[in-house]
Amino acid sequence: MSGSPRPLDPWELLLTGPETGVLHVGLAVPLSGPLALTAPSALDLAGLAVDEVNAVGGVDGREVRLVAVDSGRAPAVVAAEAAALFEAGAFDVLVGFHTSDVHRALERVLPPGARYVYTPPHEGGRQRPGVLRTGTSPGEQHAAALDWLVRHRRARRWVLLGTDYVWPRAVHRAAHRALAGTGAEVVGEALVPFGPTDMGPLLDLVRRTRADGVLLSMVGRDLVTFNREFVRAGLDRRVVRLSGALEENGLYAVGGDGTGELYACMPSFASGGEGPDEAQLALEERHATRSGPSAPVVCAYARGLYDGVRLAVSPGGTRRGSRRTAPARLALAEGLTLREIPGLLTA
């Protein structure tokens, strides 16, 4: 990441003592685990957000600096460390992009008064005061995309496949409701642990149920592994796949897709397409100016984190009720590009 320094190590910061005249933003990003492939994009865009704030004088004259927390570890480990760091004064506000089991653990243990912005698509449900979720809920994210695929791709028999934690379970509940409203049906369902070594049983479920649509609620590395095995099994040209976690880093890791049957529903896409997202294009231009031609892609997770950092340091930005949900968009994988299908904005 060029431009501003990389995020501070929180424990080193505590050894030297908090810096005066500095607003410290805890940045909980998955530096390890299934979502680690998105970390370069996330770190770069958080850094851009900080550079832009500091370029206009910071926050009330205070320089903004990032303090890194690896949110790719076990939920209890991440939550305990973040709570201890907050209590010790290592950061003033926390901005997080990670899985929703980590999100729930953080909500439970952060001390009263802690401000926390959670930026990716979320699991829905109640939230405690001081917590702001800026992503979409499962229904907001998936319902219109499922309806479009039932109508336009004639995908009427669906298998729901995900990892066994809170967000995929919530996605499955929302998908049951959405598909029932379209006249389609759920013919199979499975939740598996993180890091499954054998995708065979999931592929067998797709074959056995004669599914013509698969909704995928795996993330990061696991989503990449499943899609690779799906192609090897020869299912990719006759079964529609829809994912609420597929972004450009994951598509690159898969090696792209040329089947015309792999879709993603996310808040933004790097490539635009017909009716481009002007805010996305402007952000990509500023990012390229800052980080050069080898800069990581501005995926949806990274853009959400950029917006979250800007929101966290704005006056009153983390007050409960100031929720800013980006609309869900649908895109088709074309090679290494996620090409947005125009006209599907749902929030």
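Residues numbered from 1 in each chain as written. Predicted model: local features only at pLDDT ≥ 70, side-chain atom pairs only at ≥ 80, totals over all residues. Heavy atoms only, no water.

- An unreviewed UniProt entry lists the protein chain under the name ABC transporter substrate-binding protein, with Blastococcus saxobsidens as the source organism.
- UniProt lists a comment for the protein chain under the heading Sequence similarities (unreviewed entry), and it reads "Belongs to the leucine-binding protein family." (UniProt positions renumbered as here; feature names shortened; annotations may be inferred.)

**Here we look at the environment of Leu305**
Alright, step 1. Examined against the element boundaries, Leu305 turns out to sit in helix α11 (residues 300-312).
Alright, step 2. For Leu305, a relative accessible area of 0% gives the class buried.
Alright, step 3. Linking Leu305 and Pro120, residues 185 residues apart in sequence, is a C-alpha distance of 7.8 Å. (Helix = DSSP H or I, 4+ residues; strand = E, 2+ residues; numbered from the N terminus. Buried < 20%, exposed > 50% of the residue type's maximum accessible area, 1.4 Å probe, protein only.)

**Side note on the nonpolar core**
Alright, step 1. Ranked by internal contacts, the top residues of the largest apolar core, which has 87 residues, are Trp158, Leu161, Val206, Phe226, Leu242 and Tyr263.
Alright, step 2. Ranked by residue count, the leading element in this core is helix α2 (residues 39-55), at 9 residues.
Alright, step 3. Looking at which domains feed residues into this core, each of domain 1 (10-135 + 277-313) and domain 2 (138-266 + 328-340) supplies at least three.
Alright, step 4. With near-sequence residues (within four places) excluded, Phe226 lies in contact with Leu161, Met199, Leu202, Leu203, Leu216 and Met218.
Alright, step 5. Core analysis: the second largest hydrophobic core is formed by 18 residues, Ala82, Ala90, Phe91 and Ala114 among them. (Core = buried A, V, L, I, M, F, W, Y, C linked by side-chain atoms within 4.5 Å. Domains from an automatic or database assignment. Contact = heavy atoms within 4.5 Å.)

**Digging into the sheet that holds strand β8 (residues 213-217)**
Alright, step 1. Here 7 strands make up an open sheet; going across it, the order is β7-β6-β8-β9-β10-β11-β12 and the pairing mixed. The open sheet terminates on both sides in strands that have one partner only, identified here as β7 (185-192) and β12 (337-340). Going from strand to strand, the sheet's axes swing by 25 degrees on average, the running direction of each strand aside.
Alright, step 2. Relative to strand β10 (residues 262-266), strand β9 (residues 240-243) runs parallel, the two sharing 3 bridges. Opposite Arg241, over in β10, you have Leu262 as the bridge partner.
Alright, step 3. Each of β6 (157-163), β8, β9 and β10 touches helix α8 (residues 220-232); the most contacted strand, β8, lies at about 155 degrees to it. (Pairing = 2+ DSSP bridges. Axes fitted to C-alpha atoms, helices over the stretch in contact; angles between N-to-C directions.)

**So, helix α5 (residues 138-152)**
Alright, step 1. Here α5 is 15 residues long and its end C-alpha atoms lie 21 Å apart, about the 21 Å a rise of 1.5 Å per residue gives.
Alright, step 2. Regarding α5, the residues found buried are Pro138, Gln141, His142, Ala145, Leu146, Trp148, Leu149 and Val150.
Alright, step 3. Arg154, located one to two residues past α5, shows a positive phi value of around 50 degrees. (Expected span 1.5 Å × (residues − 1).)

**Regarding the packing of aromatic side chains**
Alright, step 1. Scanning the model with the defined rule gives 6 aromatic pairs in all.
Alright, step 2. Both rings, one in Tyr116 and one in Tyr118, keep their centres 6.3 Å apart while their planes meet at 50 degrees; by these two values the pair is tilted. The exposure classification of Tyr116 matches that of Tyr118, with both residues buried.
Alright, step 3. Ring centres 6.0 Å apart and planes at 55 degrees place the aromatic pair Trp148 and Tyr263 in the tilted group. Within this pair, whereas Trp148 is found in helix α5, its partner Tyr263 is found in strand β10, the two being separated by 115 residues in sequence. Assigned by exposure class, Trp148 and Tyr263 land together as buried. (Phe/Tyr/Trp six-rings, centres within 6.5 Å; stacked < 30°, edge-to-face > 60°.)

**So, the packing of helix α7 (residues 200-208) against α8**
Alright, step 1. Following both chains from N to C, one finds α7 and α8 inclined at 55 degrees, their axes separated by 10 Å at the closest point. The angle between α7 and α8 places the two elements in the oblique class. As for how α7 packs across α8, the hand of that crossing is right-handed. Note on element contacts: α8 touches α7 through Phe226, Glu229 and Phe230, opposite Leu202, Leu203 and Val206.
Alright, step 2. Class assignment for the residues of the contact of α7 with α8 results in 5 nonpolar, no polar and 1 charged. (Parallel < 35°, antiparallel > 145°, perpendicular 65-115°, else oblique. Left-handed = near helix turned anticlockwise from the far one by under 90°. Nonpolar A, V, L, I, M, F, W, Y, C, P; charged D, E, K, R; others polar.)

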